[in-house]
Every structure is written in structure tokens, then in C-alpha cells.
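# Notes for the structure review
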Amino acid sequence: MAAEWSALLLTCRRGQGAVSALQRELEVRRLRGALGPRPPALLLAVEDPWARLGSGGATLNALLVAAEHLSARAGCTVVTADVLRDARILILHMGRDFSFDDCGRAFTCLPAEEPGAPAEALVCNLDSLLGTMTHRLCVGSPPGVWVCSTDMLLTVPSAPGISWDGFQGVRVIAVPGSPVYARNHGVYLTDEQGLVRDIIYKGTEAQIQQCAGPDGTVPLVCGIVFFSSDAAEQLLATHVIPPLDACTYMGLDSGAPPIQVTVPPWGMGPLATWVPLLCISVGSICTHSTRFGWEEWWEGASSSRVGVRVAASDKSLLSQLSLFFDIVLSMAGGMTEEDFVKGGSDASVRSARSVLWTALRGFPLSMACIPDASYDYMTTSASDHIRSLTLLPGSASHLRFCKTAHSHVDQPCLLEDGSSVTNCLLEGAVGLAAGSVIQHCHLQGPLEIGPGCLLSGLDADSSPALRGCPLCDIVLQGHHVRLRDLPCRVFTLTGRLDDWQSPVEEATYLNVPWPEFFQRTGIREGDLWDAETPRRSRCLLSARLFPVLHACQALGLQDVLWLLAPAGGAGERLARWRTAWRMSWQELLPCLDTAAELGTRQALFFLQGQRKVRRVLLGHQDSSLLPLARSAVHEGYHEAVLGTLDEVASTAGDAGVAARALACIAEVLGCMARGEGGLRSGPAANREWASAFGCLERGDIASGVRELAAERQKWMSRPALLVRAARHYEGAEQILVRQAVMSSCQFVTVGQSELPPLGHWVQVACPARLDLSGGWSDTPPITYEHGGAVVDVAVLVDGCRPIGARVRRIPTPELRLVSLSGAPPSQAVTELVCQELEHLQDYCQPHAPGALLKAAFICTQVVQFPSQKPLRVQLMESFGSGFEVHTWSKLPHGSGLGTSSILAGAVMASLYRAAGKAASTESLIHAVLHLEQRLTTGGGWQDQVGGLVPGIKIGRSKAQLPLRVEVEPIPVPDGFTQTLSDHLLLVYTGKTRLARNLLQDVVRNWYARLPSIVQNTDALVSNAEECAQALRQGDLPLIGKCLDRYWQQKKVMAPGCEPLAVGHMMDTLRPHVHGQCLAGAGGGGFLYVLTKAPRQREALQQILAGTEVRCELPGGSLSRAVCRSFMGWATSASTASRWTQAVSPWRLWDVIRRMVLTLERTGLCEGLQPWPVPGRYTGNPHCFKGSSSRCLRS
């Protein structure tokens, strides 16, 4: 389950020009499915109207913006609170600057990957919080407004256990923490009913203990609050009431002044850049140390004095409204109106609090403390930050940290355990010690990075400067800075143990006292601070250490790294440093270019992604590239990825690698169509692509890939063309797959035998096959890239072999092709005469008349095609005759019993013999593989193994080329063959489906290496081996379990292969069977069941005859159809088909028709290997003189 948001808003500070970049980030997350199955209709990045608004003001402004947009969407002409009644709104606050990430705490990247995500992307703290809120914390909550800070790492269990029954008012979310941790954070004081009485920030030990529960933990404030619809409406109503109207953009546009906070005379100084949230703790002293050393003092309820230190250069009146200490606290049960209102520093603030008290006081404020949740505030301590990125999160987290996340590392063995690399490209020998972090860097070795380091934002040009530097316990960052319209790069260097705000006399720089640093480098205090700067304000934050521009020379990383080891050439470096224009971190903060930083991270992500493409394809890795392709399309990097795939395909020198690369290109093109343009599966024989296809057919892969890429550029303008181009890339991929599979031809050995006389029929009759486990693992390319194993059993249907072929030589030099399909009285007969080679040219089109028979003549080399010699000449020179071929199948089209491949084997066996040749069973198995590739149906090897090899067996292929199939008979206990026959029944579902339609999807998913497909393929092979062992033991219940498991595996490989009617049928039969499965690819055809009791044909007929099946129609109504069993499936189906014409728009009767059932008695066939039988044709297509049976009837 997931919360379905009506609106999602991300607030950001005014004046940094980041709102457009943040809006793009939200839109990208919508595209890649990170906002839930139904992403919000309203997705906005909202800039604060004032530079110093506070979390409360930002909440009110965002709520107004959401209500206004929702009102407009509802067709209203004014803002109406009615739109909040059923809305679910999530407001996320970006908060303040963060010294370790230029994009803030929300976009701080975590060392995590999400393999199951639809699109591959960096995992930011924002993504983690979105996942937590959408899929865990907010599930089941009523309509209302959730507000969440992004300044913490939050972990919540999958089932938070929050009860919303009868909820009213406002609810804050808390996580359990230790009293020691609470000393520097806020905690909730609640009563026995779970209602909040007070919020205590940095309280005394006694105050904190008041909040402790029975287990000794205290409920920590974690920055999340929920307003019911009623409470949100009341809060929204305050936006028009002065002075709260000043918190919104409407107030700004209306000329309203900000809420005023008096600047005390003792607070002047250059230290701070913003004013903290107002803090109240009734009856106690509360000290709030903020981001850069701000402090507030609240001296009890009787005092209204609030001291705030501000910059000397900014003596204007400032505005701040706290979400928790001004809005939420107004509803706390232990707060009185007098204490609350008097907490304001002047009349303006007191007026704002009075408005909030009147609007919100009537709502109950409850708390939900989430067991097993964890909260980690992202402090300004480098040690804390490095620790949070190198320690594994708790078991309740939905994220799993990894040592290297979204990174390419040439030598991963050089990364010690306990280190972390995220979004990096590390080329060569780059060593990283435990306890160190590298993010967003492109580094080239040799480099050695010691413990306790944080490196971020460094490009490849920085690598030479890093070599030889003592990198230990330092924070080294590259920043994108914009000075008005001038973009530039600036590097900052600090120590892991440094404190930004401590005075120079008490603090360190690069982990050593300032005096020692001055002595080592020759730098003087006057170089860093102006003479008028007070001593107490001289700190690392305000020190002008970092070179930005130089009048004569380009600056680089070396201009800060010399501060670490100034020994050689110190005088020259010091002079260069002094003559550069330098800025302090405090001065750099407003100039950070968030958009440029996000763009650089994105470019680096796709650069390492291109390396991943090469690594995965050339290394034959089972990693999916589809999520990366989706992200490349979403973020505009598809051309770069396409170029890399072209390069890999053309230079790999491996047809298998090239085929997968072409399949990946097809995926990129499909993603570019964005779900439009039609179905992915379709024809791929447009003449515009013929030249490229011809190169691939000739084995010139490099030229073929180049021509494909050139042609591709003509098909990129709209979705329909992109989809058609994707189909042709899949067609090109199939050419290379065919070439790989045709390597199996070396296992086809054909000998010579006596040429039968004219008119002498050579007949082969074959059983059907049932796949008991392992199917799909035999399908190219899976079978030679992964390896396959399939358990098959040859079966009689209604006591006879249902598939066969016969061939004879005829005096006329032509090919007469006769095909019979189906059972009397509705047999279909197709007759065709080929007198010219041109008549064979459609052999590769599966639906063309006689395509299989034409391909058989070509693959057995009875006919050479293409050739300069006419067909007549070839036949007379080689055989002195033509050929007549008859084929038949008593099984319905799409039966799932392997008809096509078994028929191909029968045709080739009889054709070889009639042409005076001899082929072994192993040769026939591989010859059919060759034929189906030439026919372009692309099947595997299980069907011909099942129908051409006797009895019960397991076929296997290794993950290698050339492709070779090895078959092992499975010995069973005495009498078990008869037992299995007595318990095995076939039920015809009446629904047909061409396996090729499923095959295209399966091959596409395999080439995408979807994790579910890779894992399922492993399971298919292991289940086949388990089924083989169960057969050896004669264990029917265990065989049944293997069948049920096999059916579930088939549904994973080919979603949609279980029609609704078939699902109902299987549910009906389940109590009576050990196991059941649709034969073959699924989607229809025959269902085979292993009954618990023997000889259950009549019993199952009665069960199915009285089964009521409920079919849901597109219109939403339900139709009831009683499914009856018919012994003659063809007659019943043709009768029912007349009903279909009456109501074809809803296909109601088509559903009923496909529920017509036939139960066929199944017998195991022993000694099923086909063999030529001489005889004379009697005129009856089912009777042949000279034929004999080697099948045991059950």
C-alpha cells in the first residue's frame, strides 16, 4: 500500500535561485515512479516569500499555494478551503544550508542502491523520506496535511502501528531515543492519553526524565506533524489575518511587512547569517545553538526577553515563525494563553501568536511514538556526517547501504571495509581507508586517501594535485559558485575535528590550533579577518581562507591543498594565495549554485552509468540496464547511453554481447516513446533497415551497427516511429541470436543411406510432450547465457500419436506440400505446389502457407536457397525427382503440447530418409533448433526433446556457445509409468495463444535482466532438477508440488499467461489434484493435472460441467456462464463461435467459447523415438500400411 497524495510541495529558501532546479528534481521523481503508484497531480517547489521565514511561515505559505492550485483545478475563481476536505497534502521543508552538501540536507546522497526501483537514480535523503512517508508512515491516514522536515535521517518500520480511528486535530510523530541524545534535541511531554502537554528543547536532566517511558526512552521531536482537514482549514484561514499574512507570497505581493523581531544591541557581529526559530520552554532556561552559533535565551514564563545575535551588516527587522514552537505549541495542553502570547518578543510576534492561539487552540494535539524507529539529526559535525554514511542503517530501514553505490571503481579491492563511495568514477589505483567517504568525484589514481576523510565534488583534473598529499581527517569539497553572472569553481578545505563557530583562541583549523596553523603556513590573522572584526567573531566560518579568483592565474585545487603541507615552495604559494580574491564559507553560502551542482552530479552519474553499461555487457553480468535506460530518457542523457551501446555492439567481437546491446538500444527507444506509439512487439522488415540487416546476416556486425545507428536518426521524431525503430532493433538482435543458435549445427551429423524408390512413403508419427518443469530456460538466448534444464514426458493423446509426417519422391521436379490440422469433422487442409525457388522465399515468415515445410527443405539442404540453379534443376540433379510431403496434427492450434517443433522434427526425419540421408536423434534435436531460427519463430529445444526422445527425460544445456543439448533419461520405479498415466489428465481450455507472442516478451525481459526474471530463471532450473529427483523416487505429491511451483514460475516469466477463465478452472480443480500447470508457454491450450486419485476423468468432467465461472467484462458488469465439458472440442468451439458474432464488442461469448473443455485421456509413451516406416499410402490420411506402434496405451 501507498499513500496517494493530492499535492506534494517542497519549500526552499528565497534568494538562492534553486526553485527551478528543485522543480525539475520533483518532476524527474514523478517520471521515474518515486512518488507512488499514483503520483500527485500537483507537484511544486515553493520558494519562501521572505529570506528568513522560518518553518512555520514556510508551512503557511506552502499550504496557501497548495490550496490556491487545488482551487484552480477545481474550477474555483478564489481560494477556497473546501478543497482541503478530501485532499492529502505533503509539505517537505528544505531547511537551512548544510556545510557538507551544497544542495542541502534533502539532497545529501546516501550510499544506497534500490535494485527493484523502476528507474536507476541516486538515493538522496529526500528520496528516503519520500519512501518513508508514502509507503510507511502515512499509509491509512485520513485526509489532511503532513509536514516533514528534511534535516534528519529517519528510519520507520514497515508497519508503524499508528491508529487513526476517531482521530481529530493535530498529531506529532516521535521516535524513541535515549535521554542522553535528548539533551541536544527536543522531546515531547505527554499525558496518559497521549496528548502533548509541552515541547522541551535541550532541557535539564530532570525535565527530560519527566518525558521518559517505562523502557527509559524519551519521545524525540523528529520534525513531522499531521494536520487534519479541519485543523488545516483553520490554519489556512490565518493567512489573511495580520501579521500572519506577512508569511505568505500574497502578503509579500500585498506589501505586508514581515513579523518583527527586535535586534538587541549586544548581538552585533559578522558571525551569523540567519535568525533561529523562536524557542519556548515554560518555566526553564532553553539554549538553542543553531547552524552557525545562534543562541536564544528564554528565561521563564514571566520574561518576554528573547536575545538573538545577528550580523552587524543587517540591522533590518527580521521575520521568523516556527512550526513547532509557534504553531504546534499553541495546542499543547500545558500551555496557557498568557504564557504562549507573552513569548513573543514584541507586539508583532505577540499578535501573531494570539491569532494562532485563537485559531488552533481548540484542536487536540496528540503524539504517536513509533517503536523501532530511529532518528539521526544531520549536524554540522564532520565526524557525525562521516559516521552516518559509513554505518549500516537499522533493520527497520527500507534502504540497504553498500560500500560502492552508483559508482565505477577500477580496483574495488583497494576500498577498505567501513569506507563509502557514492556517485563516483575511480580510475586506476585509488585506495580508500576505513572511515572515509567519497561522493560525486571523478578521480584518477594512483591515489591514497587515509581515514576520516570526506571528499566531494572533485573532478579528474584535481587528481594530480591530490597525489602525495597527506589526506587524513580532512574535508575537501569542490563547489559551484555564481558571482552575479560569473560561474566559477571554488575548493574548500577543513579538518574533520574543526568547529565552524568557536572563537579562534579556542578552535582548530585542519585539526590543529590556529596559532600552530599560522606558524606553519605564514598566514596572519589579518589575512583572514578585517581589523575591526571583534575577537569573539573571528572563527572558521568567517575566515577568508578559500581562493575564488585571481587576476593573472587560473586557480585550482592546489591553491587550498598547500595549506596541508606548505613545506616546499611555501613562499611562492603563500604569495599566490594572498593575491587571490578569497571568500569565507559564510560569504560563499549565498553564492552556491544549486542548479549547477545538481547538473554536475547528474552528468557524473550518467558518466559512471556508461561505464556500467560496458562493464555489464562485456562482463556478461546479470545486472539490469533497463532502470538506467529509463533514467537516461527521463533526464535527457539517452543520446550518451545510445552512443555507448553502439560502441559496445560494434566492438565487442561477440555476437551474444552485440545482441544484448541491440536489445538495450531497443529498450531505450521504447522508453523514449513514453508508453505511446503502439505495442512493442510487431513487424520488423521495413526495407529502410534492410541494408543494416544484410550486414548483420553476413556477419559484419560493426558495419551493421553503424548502419542501424544512421537509420535510427530518421526515426526519432515521434513515439510511433520510436516504437517501430525499437521493433527493428529487436529484429536485428534476433539475427544475432539466430547466428548464435546456429552454432548448434556443428552437432548435426547427417550420413548417407539408400535412396527410397519413387512413390515409397516414409512416415514418422510422434507423441506430444508435456513439460513438467524448467520450460523457458531452454529458450535462446537464455539457454546459452544462463544454462537450462527441462523435464519432459512424451504422451499419447486419446491413445495415439497426434503428430506426424510422411514424404515420398514423385516424378515431377516440384514440391507438393499438404498440411492437415485438427480432428474430424473440422479438419483444415492446406495444399501448396512449389515449382520455382521464388516460391520458397517466404520460408522465414511463420504465418506464410507451408513456411515450416519450406524451411525444412532448406535446412536439410535438400534444396539450396538462395541459389543460381532453378528448383527443377536442383531436384533433378540431386534426386531425379520431386517430393511430396504430408503433415498432420490432431491437436488444436496453440495447444501448448509442442506441436510445431515436434512436427518440424517429424518432417526433417522423414525428409532426411526420403532424400537418402540418415540423422540421429541428437542431430534432429539440433537441426530443429536451426530450422526454428531460420523460420524466425525463435523457439527453444524442449519441444523436440519431449517428442523425439522416448519416455521421461531431462534435457540440459550449458551457459556457453556453441549451444549443445544433452538429454538424460530419467529412470523411474517399476510400475510408476502406469501409475503416472493413471493420475495424469489433459484438459483442453478452448483458448489458444501463439507462443511467439509470449516469447518476444520473455526474451525482452531477459535481455533487460530484470532481477525477478534472473531469479526466476535460477528457480526454473533448480525446480527441474528437483522434479527429476521426485520422478526417480516415484513421489507423486512431490511431483505435484513441482508442477504448482512451475506454474508460478511460468507466470513470472510471462505475465498474462493465465487467462481469467483458466484461473477459475484451476481454482476449481485444486482440491482434487496434487498439482497442475498449463502446457507450454501458457495463455491457453491444454491444462495438465496430476490427480490425487487414479482414473479421475469422469469425476473431473462432472466437477467442471457444474462449475460456475464469473467473468468481469470491460463495462464492469458480471456475466455468469456455466461451463460444460465436450468430448469433441472442435465441434463445440465452432458452434459457440456463432454466438460471438452477436455481441463481439464485449467479447462475452468469446469468453464462454473459450471455456469449452475437453478432457483427454493421457498415456505415457515409451519408446517414442521416431523412425522411418516404409509403406504405401492407402488414401486415408490417418492410416498407413506398414506402420506400427511402439507406444504403451494406458
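Please refer to the structure placed before this passage.
The sections below set out a description of the structure shown in this document. Just so it is clear, the model here is predicted, and its values are computed rather than measured.

Scanning the protein from terminus to terminus reveals 38 helices and 46 strands. Burial status across the protein gives 58% buried among its 1194 residues. Nonlocal contacts in the protein, meaning residues at least 24 apart in sequence, comprise 70% of its contacts between residues at least 6 apart. Put simply, the protein shows about 45,200 Å² of open surface, and 52% of that area lies on carbon and sulfur atoms.

Among all residues except glycine, the phi angle is most often negative; among peptide bonds, the trans geometry is most common. Omega for the peptide link from Gly445 to Pro446 comes to 5 degrees, which places this bond in the cis form. With respect to the helices and strands, Pro446 occurs in the loop between β20 (442-444) and β21 (447-449). Geometrically, the link from Phe865 to Pro866 is a cis peptide bond, its omega value of 0 degrees lying close to zero. Tracing the backbone through its elements, the reader meets Pro866 in the loop between α26 (851-859) and α27 (871-878). Phi is positive for Asp473, which is not a glycine, with a value near 55 degrees. With respect to the element layout, Asp473 can be found in the loop between α12 (463-466) and β23 (474-483). Although it is not a glycine, Arg1095 adopts a positive phi angle of roughly 50 degrees. Of note, Arg1095 is situated in the loop between β42 (1086-1091) and α36 (1097-1105).

This part is about the nonpolar core. Nonpolar side chains in soluble globular proteins tend to end up buried together. Membership of the largest hydrophobic core comes to 222 residues, with the highest contact counts inside it found for Trp146 and Phe883. Per-element tally for this core: the top contributor is helix α21 (residues 655-672), with 13 residues.

Right, let's talk about the pattern of salt bridges for a bit. Pairs can form between side chains of opposite charge whenever their charged atoms are close. Counting across every chain of the model gives 51 salt bridges. Glu233 is paired through a salt bridge with Arg85; the nearest N and O atoms lie 2.5 Å apart. Of this pair, Glu233 sits in helix α6 (residues 229-237) while Arg85 sits in the loop between α2 (54-73) and β3 (88-93), and the two are 148 residues apart along the sequence. Here Glu711 makes a salt bridge to Lys714, at a shortest N to O gap of 3.3 Å. A relative accessible area of 7% means that Glu711 is categorised as buried.

What counts as what
Residues numbered from 1 in each chain as written. Predicted model: local features only at pLDDT ≥ 70, side-chain atom pairs only at ≥ 80, totals over all residues. Heavy atoms only, no water. Helix = DSSP H or I, 4+ residues; strand = E, 2+ residues; numbered from the N terminus. Buried < 20%, exposed > 50% of the residue type's maximum accessible area, 1.4 Å probe, protein only. Contact = heavy atoms within 4.5 Å. Areas by Shrake-Rupley, 256 points an atom, 1.4 Å probe, with all protein chains shown as cover. Core = buried A, V, L, I, M, F, W, Y, C linked by side-chain atoms within 4.5 Å. Salt bridge = Lys/Arg side-chain N within 4 Å of Asp/Glu carboxyl O.

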